[in-house]
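Each chain, written out:
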Amino acid sequence: MFDIHYHLLFGLDDGPKTIEDSLKLAEASIAEGVTHIVCTPHANERFPFQPERNREKLALLNEQLGGRVTLGLGCDFHLSHENIEELKSNRTKYTINGTKYLLAELSDFGVPHSLSKTLDHLTRMGIVPIITHPERNPTLVADPSRIAEWIGFGCLIQITAGSLLGRFGKRAESMSHHLLRHGWVHFVASDAHSIDGRPPSMAPAHDVLKRRYGRETADRLSLHNPRAAFLGEALPDAASNSHGGKSRKAGLLDWVLRR
Ligand SMILES: [Fe+2]
């Protein structure tokens, strides 16, 4: 499996504090069958993003891990005005391994209407925003139509492995399945932070996906699509990554009726 959202680098953000903490996380992922990890430190007001420092930490981890897992570099990119301005002048600073794919983190405190315009602008710049964990955002849970709109102009969606295991509550879990049923999910990633509080858990999430949606879907979301993002390639099998055969309107109606 490929895990494209992971706070693995130590001493940078609210992820692991020491190299030993990072190594414990990496070992857990290796044991689960993860072969590639994108290290994605936060970039927000609290945690400044410093590419050189990130590369140094990554090199230290690589030394200890001896190639048993392949590490890449990206960013848990907060969609703030300052970050977006910086991105416009330095397109690859924050993207996954310098490709076109960018993890895009929303604020927990609401989703401004102007965000659609911003995301559209990013896609026109040739960036593919991957919206991280919308299932955990109360505004989007209340109104998932925004997600369908963003997918419509080229954004992709990542849900959290832990959400499928009920770790973020019932609403996040049921929202994850709503998105999955309608084919609105392109990636499952761990967003791991710590071995005790926020462990990776890609294998149990893959099991849930396999049981409920079949092996093909489980592999597409945790292996084939994230592999393409890691390498900067187009997502394979575009048809399976569309809206699961249902129209966006039908999906939204279903959501409204189920509430
Ligand atoms: Fe994150």
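The rules behind these values
- Per-chain numbering applies: the sequence of each chain, read as written, is numbered from 1 onward.
- Local features are withheld for residues below a pLDDT of 70 in this predicted model, meaning they are given only at 70 or higher, and side-chain atom pairs are given and counted only at 80 or more; totals for whole chains, interfaces and linings count all residues.
- Helix numbers and strand numbers start at the N terminus; a helix is a DSSP run of H or I with at least 4 residues, a strand a run of E with at least 2.
- Using C-alpha atoms as the atom set, the radius of gyration is obtained and then compared with a globule rule of 2.2 Å times the number of residues to the power 0.38.
- Residues with at least 20 other C-beta atoms within 10 Å of their own are called buried, those with 12 or fewer are called exposed, and the rest are partly exposed. The C-beta atoms themselves are positioned from the backbone.
- Note on method: axes are straight lines fitted to C-alpha atoms, helices fitted across the in-contact stretch only, with angles between N-to-C directions ranging 0 to 180 degrees.
- Crossings are classed by handedness, with left-handed meaning an anticlockwise turn of the near helix from the far one by less than a right angle and right-handed meaning a clockwise turn.
- C-beta atoms are placed from the backbone for every residue, and two residues are taken to be in contact when these atoms lie within 7 Å.
- Classes in brief: Ala, Val, Leu, Ile, Met, Phe, Trp, Tyr, Cys and Pro nonpolar; Asp, Glu, Lys and Arg charged; the others, Gly included, polar.
- Only strands joined by at least two bridges in the DSSP assignment are considered to pair.
- A residue's pLDDT is the predictor's confidence in that residue, given on a scale from 0 to 100.
- One less than the residue count of a helix, multiplied by 1.5 Å, gives the span that helix is expected to have.
- Think of it this way: the bend at a residue is just the angle between two axes, each fitted to seven residues, one set ending at that residue and the other starting at it.
- Only buried Ala, Val, Leu, Ile, Met, Phe, Trp, Tyr and Cys residues enter a nonpolar core, and they are joined through C-beta atoms within 7 Å.

## Description of the overall build of the protein chain
For the protein chain, the count of helices and strands is 11 helices and nine strands. In terms of overall dimensions, the protein chain is globule-like: its C-alpha atoms have a radius of gyration of 17 Å, near the 18 Å expected for 259 residues. Split into buried and exposed, the 259 residues of the protein chain put 43% on the buried side.

## A short note on the packing of helix α9 (residues 202-213) against helix α10 (residues 215-231)
One way to put it is that α9 packs onto α10 with a least axis distance of 7 Å and a crossing angle of 145°. As for the relative orientation of α9 and α10, their crossing is right-handed in sense. Here α9 contributes Met202, His206, Leu209, Lys210 and Tyr213 to the contact with α10, which in turn contributes Arg215, Thr217, Ala218, Leu221 and Ser222. Classifying every residue of the contact of α9 with α10 by side-chain character gives five nonpolar, three polar and two charged.

## Examining the sheet that holds strand β5 (residues 76-78)
Sheet strands pair via backbone hydrogen bonds, and the direction of the pair is either parallel or antiparallel. Strand order in the open sheet formed by six strands is β3-β5-β6-β7-β8-β9, with parallel pairing between adjacent strands. The open sheet has two edge strands, β3 (42-43) and β9 (187-189), and neither has a second partner. Bridging between β5 and strand β6 (residues 101-105) involves two bridges; their strand directions are parallel. Note that in β6 the partner of phenylalanine 77 across the bridge is alanine 104.

## Considering the confidence of the model for the protein chain
Per-residue confidence for the protein chain gives a mean pLDDT of 91, with 92% of residues at or over 70. Segment residues 243-259: pLDDT under 50, and 18 contacts once partners within four positions in sequence are set aside and those in other chains are kept.

## A short note on α10
Taking 1.5 Å as the rise per residue, α10 with 17 residues should run 24 Å; its terminal C-alpha atoms sit 23 Å apart, in good agreement. Along α10, the sharpest kink reaches roughly 45°, centred on leucine 221. Taken together, the buried positions of α10 are occupied by Ala218, Arg220, Leu221, Ser222, Asn225, Pro226, Ala229 and Phe230. Of the surrounding secondary structure, the elements contacted by the buried residues of α10 are β1 (2-6), β2 (36-39), β4 (70-73), β6, β9 and α9.

## Quick look at the sheet that holds β1
If you trace the three strands from one edge of the open sheet to the other, you get β1-β2-β4, paired in parallel fashion. On the outer flanks of this sheet lie β1 and β4, each paired with one strand and no other. Neighbour to neighbour, the strand axes of the sheet diverge by 20° on average, direction disregarded. Pairing geometry for β2 and β4, over four bridges, is parallel. Each residue of the ladder has a partner; that of valine 38, found in β4, is glycine 72. Across the sheet, helix α2 (residues 51-65) touches β2 and β4, and the angle it forms with β4 is around 175°.

## A closer look at the nonpolar core
In this structure, Leu102, Ile130 and Ile157 are the most contacted members of the largest nonpolar core, which totals 65 residues. Ignoring anything within four residues of it in the chain, the contact list for leucine 102 reads Phe77, Tyr94, Thr95, Ile127, Val128, Pro129 and Ile130.

## Overview of unusual backbone geometry
Despite not being glycine, aspartate 191 has its phi angle at roughly 50°, a positive value. Position of aspartate 191 relative to the elements: it lies in the loop between β9 and α9. Residue aspartate 191 is classed as buried on the basis of its C-beta count, with 26 C-beta atoms lying within 10 Å. Despite not being glycine, serine 201 has its phi angle at roughly 60°, a positive value. Of note, serine 201 is situated in the loop between β9 and α9.

## Things to note about the pairing of strand β8 (residues 156-160)
Within β8, five of the five residues are buried, which leaves it mostly tucked inside the rest of the structure. Side chains of β8 alternate between two faces, with Leu156, Gln158 and Thr160 and Ile157 and Ile159 buried alike. Of the strand pairs in this sheet, β8 and β9 are connected by three bridges, and their pairing is parallel. Counted as the bridge partner of threonine 160 is alanine 189 from β9.

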